[in-house]
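Take a look at the letters that make up each chain.
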Amino acid sequence: MSNNRRDFLKLSGLAGLGLIGTGLSSFKSAEEMERLPEMIKRKRIQHFNMSGFSAPKLDKVRVGFIGLGMRGPGAVNRMSKIEGVEIVAICDLVPEKVDKIAKSLENTKHRPEKYSGSAYAWKKMVDRDDLDLIYIATPWDWHTPMAVYAMEAGKHAAVEVPAAKTLEECWQLVETSERTQKHCMMLENCCYDFFELMTLNMARDGFFGDILHAEGAYIHDLLDLNFAKNAYEDMWRLKENFRDGNLYATHGLGPICQLMDINRGDQMDYLTSLSSADFHMADKARELAETDNFYASFVEKKFGGNMNTTIVKTKHGKSMMIQHDVTSPRPYSRLHALSGTKAFAQKYPLQKISSGHGWIKDDEMKVLQEKYTPEIVKKVGELAKTIGGHGGMDFMMEWRLVDCLRNGLPLDQDVYDAALWSALSPLSEWSVAHRSNSIDVPDFTGGSWKTNKPLDITLKGGGTTKVIV
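No experiment lies behind these values; they were computed from the predicted model shown.

Definitions and limits used
- Residues numbered from 1 in each chain as written.
- Predicted model: local features only at pLDDT ≥ 70, side-chain atom pairs only at ≥ 80, totals over all residues.
- Heavy atoms only, no water.
- UniProt positions renumbered as here; feature names shortened; annotations may be inferred.
- Helix = DSSP H or I, 4+ residues; strand = E, 2+ residues; numbered from the N terminus.
- Expected span 1.5 Å × (residues − 1).
- Bend = angle between axes of the 7 residues up to and from the residue.
- Polar contact = N/O pair within 3.5 Å; in protein donor to acceptor, adjacent residues only side chain to side chain.
- Contact = heavy atoms within 4.5 Å.
- Buried < 20%, exposed > 50% of the residue type's maximum accessible area, 1.4 Å probe, protein only.

### Thoughts on the UniProt feature "domain: Gfo/Idh/MocA-like oxidoreductase N-terminal" (unreviewed entry) in the protein chain
Turning to step 1, where the next piece is worked out: UniProt's feature table lists "domain: Gfo/Idh/MocA-like oxidoreductase N-terminal" (unreviewed entry) at residues 61-186, given in the numbering used throughout.
Turning to step 2, where the next piece is worked out: As annotated, residues 61-186 comprises 38% helix and 23% strand, and the C-alpha atoms at either end are separated by 18 Å.

Below you can see the structure in the form of structure tokens.
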């Protein structure tokens, strides 16, 4: 076992004891927050460029799942329907959850070995020598320790969003992926939503001209869910909201980063972030505590503001806006919008495209949809809608991941995307805490963003994996 791996075992152990990543902040102390700008300035030489990296082909993708709470069960079900996937092992802290998933697979070819009952049972699973991919769907504190451990053990890592909570964790992911030459893909499913994929295809064809500004968001009223006793293990999602910044940036950020070739031709330069006050969560805690002492410990906590708005300037002078609000009573929106020198598009509240002051007509919209529906949607889009997962985008993401691994293709999202998109949270926290002062964004690519090729959204070299229905 390498010294680096021993260090990360210690790190994951500390996380399990609650000594790091407590949810109070992305920073362990006020002093660490103050040192953040100096950390960003450090120079780093890229060890190996994982952008465009092709791992050896895997005819069979042997998968182990960690986390069978909110996201994990659906992922197991969807992955069981993809050709070439073998679900070898499943793991959760709660034995009943593992048993339930194992039972759900009884009428399939999959007979996974079960791991549970301990905060560290996942390590025994990852140490197996018959796994290729570790699928991580656990609370956020565990994402980086588990992904790092998986890569150190010779496995590719697919990790739920956000991939990391701290800037140091972002660097750990990058450095481990480069050193081990194992993929670390953050499972940003919104990059595979149908409208996002269509606008990305249009952008590649030059329809929008030069994209000068883009907007993304995660606006989702989760107030009641966050306070629900049986929703998240040990109320971990509620505790995350003790932080004040853009805590969940990647759903809105990922698609617009791909549209603007971030990490692949352009790069974020600096950002500034502002949060409103909290007008809901503290009040909700007090209200619930009046009749249920379970919530008493949350009454004196300070929660982050309702709405966070973060704005980014890129190296090539373009701008981005990303918002986060999970407590206000308003309709769901990911605010996918892009403004180019020739045209504009938005997804919410209605999917619309404009090349001037007015929206194009419905018949013109249908022509554009027919022309710019990308290959992946034509290949598995209807199947994805049937199989499900946020309208089908989860399944398309997982099918594409497996198809890339089986055909030895680069993944659509690499470790630099995982690190950069996750880094927005701690960086926004710093800015909010410093009266919205701007802060530089680190370059996780070590300068290779200048020559990295744009994301290939075709199925060239792949598209061969079948779906079992």
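Now, onward.
### Considerations on the UniProt feature "domain: Glycosyl hydrolase 109 C-terminal" (unreviewed entry) in the protein chain
Turning to step 1, where the next piece is worked out: Per the UniProt entry, the sites bearing "domain: Glycosyl hydrolase 109 C-terminal" (unreviewed entry) are residues 197-349 in this numbering.
Turning to step 2, where the next piece is worked out: Helix makes up 24% of residues 197-349 and strand 25%, and the two end C-alpha atoms of the span are 17 Å apart.

### Quick notes on helix 17 (residues 415-433)
Turning to step 1, where the next piece is worked out: Over its 19 residues, helix 17 extends 28 Å from the first C-alpha to the last, a length consistent with the 27 Å expected when each residue adds 1.5 Å.
Turning to step 2, where the next piece is worked out: Along helix 17, the largest kink reaches about 30° and is centred on Leu-424; proline Pro-426 follows within four residues of it.
Turning to step 3, where the next piece is worked out: The N-terminus of helix 17 is capped by Asp-414, whose side-chain oxygen sits 3.0 Å from the backbone nitrogen of Tyr-416.
Turning to step 4, where the next piece is worked out: In the segment just after helix 17, Arg-435 is the residue with positive phi, at about 55°.

### Thoughts on the side chain of Lys-318
Turning to step 1, where the next piece is worked out: Along the polypeptide, Lys-318 turns up in the loop between strand 9 (308-314) and strand 10 (319-325).
Turning to step 2, where the next piece is worked out: Separated by 3.4 Å, the side chain of Lys-318 and the backbone oxygen of Ile-211 make a polar contact.
Turning to step 3, where the next piece is worked out: Residue contacts for Lys-318: discarding those within four places in its chain leaves Asp-210, Ile-211, Leu-212, Met-260, Asp-266, Val-312 and Lys-313.

### As for the environment of Pro-73
Turning to step 1, where the next piece is worked out: As for its position among the elements, Pro-73 is in helix 4 (residues 72-79).
Turning to step 2, where the next piece is worked out: Overall, Pro-73 belongs to the partly exposed group, its relative accessible area being 24%.
Turning to step 3, where the next piece is worked out: For the pair Pro-73 and Leu-459, spaced 386 residues apart in the sequence, the C-alpha separation amounts to 28 Å.
Turning to step 4, where the next piece is worked out: Setting aside residues up to four positions removed in sequence, Pro-73 forms contacts with Leu-68 and Ile-101.

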